[in-house]
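# Geometric and topological summary
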Amino acid sequence: MKCVPQISAYVIASVMAFLINSCSVQPCYEDTDPMMNTVLLASGTGESAKADSLRVRGVSPTDTIEFVDARSVTSCSLPLDPASDLSLFYITVNGIHDTAVIYYTRLPHLVSPECGYTFLSNITGVTTTHNIIDTLIIENSKVDLNGEKNLHLFF
Amino acid sequence: MAKRTCISFFSLLLLIAGSSAVVAQDTVTVPLHLRAGFDISGPLLKFVNKELVSYGILTSVDVTEAITLNAGMRYSSFHSVRHSYDFTSRGMSIVTGAEYNFLKANVSEGKYYAGLGLRYGLSLYSEEAPVIRYTNMWGEGVSSIPLSRHAGHFVEITPGFRTELFPGVTIGWNLYMRLLISAGAGNDLKPVWMPGYGPATKGMATAAEYYISFSIPYKRKKVIIMPKAEDDEEEEGDVSSTTNSPGTSSGFGGRL
């Protein structure tokens, strides 16, 4: 019975270690930003098209934020504003400007206890000007963390 | 608490060690009990984990010398403040099921339990995230998820031990391996903590409970203990087998 205090100490230490470990804050390793993935397609043929230059800016009530500024691109990924039910984008393809508005509903989603919440979106509608953009079609309305294609942009 | 844990644990060890000296009997009379008790680990753990408050009660009734039906109720309140969100959940959980005592009746004597339980659990809870802080390419912002009520379901497997501290009072502990059936809140709003279950973002959760209960014997039952004679006869036919005294029993026979 001399071992009783030692075993008790061991058991208590193990339980405390387990509890402290389970209570400690763990880092977040997961992707928490859902992106609206847009594919560029050639109007008429529907085949993949490469834009010589693509610039996309998001317009918020207080600021204009540049999301994409690239050359020789066939697709782009854009975040939707989690603070609003619509996002306004200035899209410049090969130097020609258009404006697109994306309408959506937002759904909070728990990524994990470590990473917290993000907002998934379900696209309900799109409108666009037609200076270079022919049509903007919703391919998959769910903007989530799976990285699937959401919009087809014909130009 | 450590002292009581030791009493419980070592009483079981002594029970196991001493059982080899128990003389086999044809029948034993075992008291069947009604028990009502409460979890003492929940309130104590609040000193370690300040996010969780948990109070539980557990009742049980011996149906036979080996099978016990039990039911429990637990109130849990969980509040967590993380860097990107605050989360609160609270609610009642109810568990009901049965447990099987692996100790033979002549060893358990209605006082000791070493067995396995299986329970179904229902959690009626509310959850909310009053503050969600986010940062993305659009900038920073704050949002929230309003209070919503849900019903979650789970099953739990509970290996455990119980011993009579003194007549009418038993102490024991259970480990819990819980399997989530449904959190009831959909895939997007799984609760960070589901009362009665734990982190509902995981399909399996583990926990432990240390409890004290008060018991009342409500019936005495005669249990026939199968003598070891038949086994010994078979063993006698095996020349190479070790010889055991026919008057001794391992105490755990076919159950453990």
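One structure accompanies this document, and this report is about it. All values reported here derive from a predicted model rather than from experimental measurement. (Residues numbered from 1 in each chain as written. Chains lettered and ligands numbered in written order. Predicted model: local features only at pLDDT ≥ 70, side-chain atom pairs only at ≥ 80, totals over all residues. Heavy atoms only, no water.)

### A short note on the overall build of chain B
When you go through chain B residue by residue, the secondary structure sums to four helices and eight strands. Its helices and strands in sequence order give chain B the pattern α-β-α-β-β-β-α-β-β-β-β-α, from N to C terminus. Relative to its 256 residues, chain B shows a buried fraction of 45%. Pairs at least 24 apart in sequence give 66% of the contacts found in chain B among residues at least 6 apart. Summed over all atoms, the accessible surface of chain B reaches about 12,800 Å², with 64% contributed by carbon and sulfur. (Helix = DSSP H or I, 4+ residues; strand = E, 2+ residues; numbered from the N terminus. Buried < 20%, exposed > 50% of the residue type's maximum accessible area, 1.4 Å probe, protein only. Contact = heavy atoms within 4.5 Å. Areas by Shrake-Rupley, 256 points an atom, 1.4 Å probe, with all protein chains shown as cover.)

### Regarding the overall build of chain A
Across its full length, chain A holds one helix and ten strands. If you list the helices and strands of chain A from N to C, you get α-β-β-β-β-β-β-β-β-β-β. Here chain A holds 155 residues, and 41% of them are scored as buried. Long-range pairs, those at least 24 residues apart, make up 48% of the contacts in chain A with a sequence separation of at least 6. Carbon and sulfur atoms make up 54% of the accessible area of chain A, which amounts to about 8,300 Å² in all.

### Overview of the sheet that holds strand β5 (residues 113–136) of chain B
Here we have eight strands rolled up into a closed barrel, ordered β1-β2-β3-β4-β5-β6-β7-β8 (chain B), and antiparallel in their pairing. Strand-to-strand twist across the sheet, computed as the mean angle between neighbouring axes with direction ignored, equals 25 degrees. (Pairing = 2+ DSSP bridges. Axes fitted to C-alpha atoms, helices over the stretch in contact; angles between N-to-C directions.)

### So, the interface of chain B and chain A
Counting from both sides, the interface comprises 27 residues of chain B and, opposite them, 34 residues of chain A. At the surface where chain B touches chain A, the tally comes to zero salt bridges. Here chain B and chain A share five residue pairs in polar contact (both at pLDDT 80 or more) between them. For the side of chain B that touches chain A, the elements supplying multiple residues, two or more each, are α1 (2–18), β4 (85–101), β5 and β6 (139–166) of chain B. Broken down by element, the side of chain B that touches chain A gets its largest block of residues, five residues, from β5(B). (Salt bridge = Lys/Arg side-chain N within 4 Å of Asp/Glu carboxyl O. Polar contact = N/O pair within 3.5 Å; in protein donor to acceptor, adjacent residues only side chain to side chain.)

### Notes on the environment of A:L110
Of note, A:L110 is situated in strand β6 (residues 96–112). Classification of A:L110 as buried rests on a relative accessible area of 5%. Placed 48 residues apart in sequence, A:L110 and A:T62 show a C-alpha to C-alpha distance of 28 Å. Excluding its chain neighbours within four sequence positions, the residues that come into contact with A:L110 are A:G116, A:Y117, B:D188, B:K190, B:V192 and B:T201.

### Points about the pairing of strand β3 (residues 64–73) of chain A
Residue and element names in this part refer to chain A. Bridge analysis of strand β2 (residues 51–59) against β3 gives eight bridges, and the strand direction is antiparallel. Its bridge partner being in β3, G58 is matched across the sheet by I65. The antiparallel pairing of β2 with β3 creates a hairpin that spans four residues between the two strands.

### Topic: the packing of aromatic side chains
All names here are of chain B. Evaluated as defined, the whole model comprises ten aromatic pairs over all chains. Across from the ring centre of Y113, 4.6 Å away, lies the NZ or CZ of R162, which sits over that ring. Sitting above the plane of the Y176 ring, R178 keeps its charged end 4.6 Å from the centroid. (Phe/Tyr/Trp six-rings, centres within 6.5 Å; stacked < 30°, edge-to-face > 60°. Lys NZ or Arg CZ within 6 Å of the ring centre and 35° of its normal.)

### As for the sheet that holds strand β8 (residues 135–138) of chain A
All names here are of chain A. Ordered in space as β4-β1-β10-β8, the four strands form an open sheet in which the pairing is mixed. Edge positions in the sheet fall to β4 (75–78) and β8, since each of these pairs with one other strand and no more. When the angles between neighbouring strand axes are averaged without regard to direction, this sheet yields 25 degrees. Looking at chain direction, strand β1 (residues 36–41) and strand β10 (residues 149–154) are connected through five bridges and run parallel. Within β10, the residue paired with V39 across the bridge is H152.

### Description of the pattern of salt bridges
All names here are of chain B. Under the defined criterion, the tally for this structure stands at ten salt bridges over all chains. Its salt-bridge partner being E65, residue K221 comes within 3.3 Å of it at the nearest N-O pair. With a gap of 156 residues between them, K221 in strand β8 (residues 204–224) and E65 in the loop between β2 (52–62) and β3 (67–81) connect regions that are remote in the sequence. Put simply, D39, R74 and E209 are held in one network by salt bridges that share partners.

### Quick word on the nonpolar core
Ranked by size, the top nonpolar core spans 26 residues in total, and within it A:M36, A:L54, A:L78, A:F89, A:I91 and A:I102 carry the most contacts. Where this core is concerned, the elements lending two or more residues are β1, β2, β3, β4, β5 (86–93), β6 and β10 of chain A. Look past the residues within four positions of A:I91 in its chain and what remains in contact with it is A:L54, A:R55, A:V56, A:I96, A:H97, A:D98, A:A100, A:I133 and A:L153. By size, the runner-up hydrophobic cluster in this structure holds 22 residues, among which are B:Y85, B:I132, B:I145 and B:V192. (Core = buried A, V, L, I, M, F, W, Y, C linked by side-chain atoms within 4.5 Å.)

### Observations regarding the environment of B:K222
Residues and elements named next belong to chain B. Tracing the chain through its elements places K222 in strand β8. Classification of K222 by relative accessible area gives exposed; the value is 65%. Sequence separation between K222 and Y134 is 88 residues; the distance between their C-alpha atoms is 66 Å. Once residues lying within four places of it in the same chain are set aside, the contact partners of K222 are V28 and T29.

### Topic: the pairing of strand β1 (residues 27–39) of chain B
Judged from the 13 bridges that link them, β1(B) and β8(B) form a sheet pairing that is antiparallel. Considered in β8(B), the bridge of B:T27 is made with B:I224.

### Quick look at the state of the cysteines
All names here are of chain A. Per the counting criterion, the structure on display carries one disulfide over all chains. Disulfide partner of C28: C115, at an S-S distance of 1.9 Å. Looking down the S-S bond of the C28 and C115 bridge, the torsion is 100 degrees, so its handedness is right-handed. Of this pair, C28 sits in the loop between α1 (4–23) and β1 while C115 sits in the loop between β6 and β7 (116–128); the two residues are 87 residues apart in sequence, bridging distant segments of the chain. (Disulfide = S-S within 2.5 Å.)

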